[in-house]
Amino acid sequence: MSPPPKPPFLLLLLLLFSTSTKAVNTTTAVSPTTSPVSSPTPRSTTASPVSAPTPRSATPSPISAPTTPSPSSHSTLDPKQLRALQSLDIPTSRDPCIQPSPHNSTTCDSASPFRHLISLHLSNCSSDVSFSYTALKSLSTLQSLTFTNCPITPIRFPSDLALSLHSFTCIHSLKRLTGVWLSHFVNLTDLTVSNVPVNASGLYVILGKMRKLRSLIITNANVTGYIPKHLHLNLTHVDLSGNKLKGRIPSSIPIMENLEMLNLSSNTLTGEIPTNFGDLISLKNVSLGSNSLSGSIPDSISAIPGLVHVDLSSNQFNGTIPRFLSEMKHLSLGLLAVINMDCQCRHHQLKIHHQEVTVKVIHQIMMIVQRMILATREEAIMVLIRLFLVWLLGYLLSSSSLFSLFFSQKGVVD
């Protein structure tokens, strides 16, 4: 019997292929059950839209970004002007344009997108603060500039800033000024310089080109020379007290119909008060004390309707005190009325110094009252007779207006 025939080689290959195919199918059937546990890759990719914080982390950036830049990002003020304020040691952590500003030092316009300074007040400056031309150039929108207790060294102002200013105030500041330096502010309506030495040969150097000036105050500045013959007619306030001005009061001053206040006290003025002084119909306050004025007091002063303050003390007037000073009702009612006449007054060839007479009369009255309190009936009668004689003497001399001012209480005599 012959052995069974061996399977052909091709049949073996087919068996092998079928076996491997079954093994592959078993692995693919098992892999779905193990993939959730063993391979987290699909889970990580599906979670990426939820866990990826990139878009969310970018959203807070606009809120947190302003905490890092300089204060200029908070302010509506022009950045150049903001830097100028910082160079002057003015706080800018708060918007300088928000009112009220710190120490009321800044005022801004309403421009957009950036606002601009129109008013700046520097006070109590530290000694190390200094101006730079660049900082001042950026402040050319200012209309009002004030220095108070800022003893810093002045520098040349840019022409744009000098022309834009309408008000300039310097009180105990800027160490020393010159008339030429001040003369560049040709568009000023208000000029105030006080307790600052001003090197000027005369007021005309300062005022010659200031055609719009309404208020002129230069006090305790050691200004020398003469008062200009022609001051601007639109002036309402003139205070030149405490200087070294000399010469006469210009005869052109009485034509300043808008003038409300005139203070020329504490100078070295000479001559007489202009006879047409009463043409100052708007005048309310006049101070000519502590000069060397002479002559008589013009009667035209009685024509000034609203006059409430008169100071003519410490001069060299002669003649009698005008009666109208005691008859002006607005002076007699105590509306800031001060009539100081430190002069030699003539009446019936008698020279009477009002201060000495006033002291003597008051002393006599005090002595009489004291004696009446301590006296007997007979002594009291004698004291009353003496008091009557004192009153009679005052009445007889009342035409000099000195006693009328004192006894009738229609004026105040110092």
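Residues numbered from 1 in each chain as written. Predicted model: local features only at pLDDT ≥ 70, side-chain atom pairs only at ≥ 80, totals over all residues. Heavy atoms only, no water.

Low pLDDT means the predicted atomic positions in that stretch should not be read closely. Looking at the chain, the pLDDT average stands at 74 and 64% of residues meet or exceed 70. Mean pLDDT across the elements of the chain ranges from a minimum in strand β20 (residues 350-353), with 35, to a maximum in strand β10 (residues 237-239), with 98. Scored below 50 in pLDDT, residues 19-73 shows eight contacts in the model against residues more than four places distant or in partner chains. In the predicted structure, residues 399-414 sits below a pLDDT of 50 and forms 45 contacts with residues beyond four places in sequence or in another chain. (pLDDT = per-residue confidence, 0-100. Helix = DSSP H or I, 4+ residues; strand = E, 2+ residues; numbered from the N terminus. Contact = heavy atoms within 4.5 Å.)

The grouping of I381, M382, I385, F388, L389 and W391 at the surface amounts to a nonpolar patch, some 630 Å² of accessible area in total. With respect to the helices and strands, I385 occurs in helix α13 (residues 377-396). (Patch = residues over 30% accessible without salt bridge, like charges linked within 9 Å, V, L, I, M, F, W, Y side chains within 5 Å. Areas by Shrake-Rupley, 256 points an atom, 1.4 Å probe, with all protein chains shown as cover. Salt bridge = Lys/Arg side-chain N within 4 Å of Asp/Glu carboxyl O.)

Take the pairing of strand β8 (residues 215-219) next. For β8, a buried count of four out of five residues is recorded, marking the element as mostly surrounded by other parts of the structure. Summarising the sheet, strand β6 (residues 190-194) and β8 pair through five bridges and their orientation is parallel. Each bridged residue has a counterpart across the sheet, and for L191 the counterpart in β8 is L216. With three bridges joining them, β8 and β10 adopt parallel strand pairing. By the bridge assignment, I217 is partnered in β10 with D239. (Buried < 20%, exposed > 50% of the residue type's maximum accessible area, 1.4 Å probe, protein only. Pairing = 2+ DSSP bridges.)

This next bit is on the pairing of strand β15 (residues 292-295). Side chains of β15 alternate between two faces, with L293 and G295 buried and S292 and S294 left unburied. Sheet analysis places strand β13 (residues 268-271) next to β15, joined by two bridges and oriented parallel. Considered in β15, the bridge of T270 is made with S292. Judged from the two bridges that link them, β15 and strand β17 (residues 316-317) form a sheet pairing that is parallel. Of the residues in β17, the one forming a bridge with S294 is Q316.

In the structure shown here, the tally under the stated rule is six aromatic pairs. Relative to F185, the ring of F168 has its centre 4.9 Å away and its plane inclined at 35°; by these criteria the two rings are tilted. Pair noted here: F168 is in strand β4 (residues 167-171) and F185 is in the loop between α8 (179-182) and β6, with a separation of 17 residues, a long-range link. Each of the two residues, F168 as well as F185, counts as buried. Members of the aromatic cluster, joined through ring pairs, are F147, F157, F168, W181 and F185. (Phe/Tyr/Trp six-rings, centres within 6.5 Å; stacked < 30°, edge-to-face > 60°.)

Below, the discussion takes up the state of the cysteines. Counted according to the given criterion, the structure contains two disulfides. Disulfide pairing places C97 opposite C108 at an S-S distance of 2.2 Å. With the S-S bond torsion at -80°, the cross-link from C97 to C108 turns out left-handed. With C97 in the loop between α5 (79-87) and β1 (106-108) and C108 in strand β1, this pair connects stretches of sequence that are 11 residues apart. When its relative accessible area of 4% is taken as the criterion, C97 is described as buried. (Disulfide = S-S within 2.5 Å.)

Moving on, we come to unusual backbone geometry. Following S112, the chain continues to P113 via a peptide bond in cis, the omega torsion being 0°. Along the polypeptide, P113 turns up in the loop between β1 and β2 (117-123). We note that N124 has phi near 50°; this positive angle belongs to a residue other than glycine. You can see N124 is positioned in the loop between β2 and α6 (133-138). Positive phi, normally seen in glycine, also occurs at L174, with a value near 60°. Taking the relative accessible area as the measure of exposure, L174 reaches 1% and is therefore buried.

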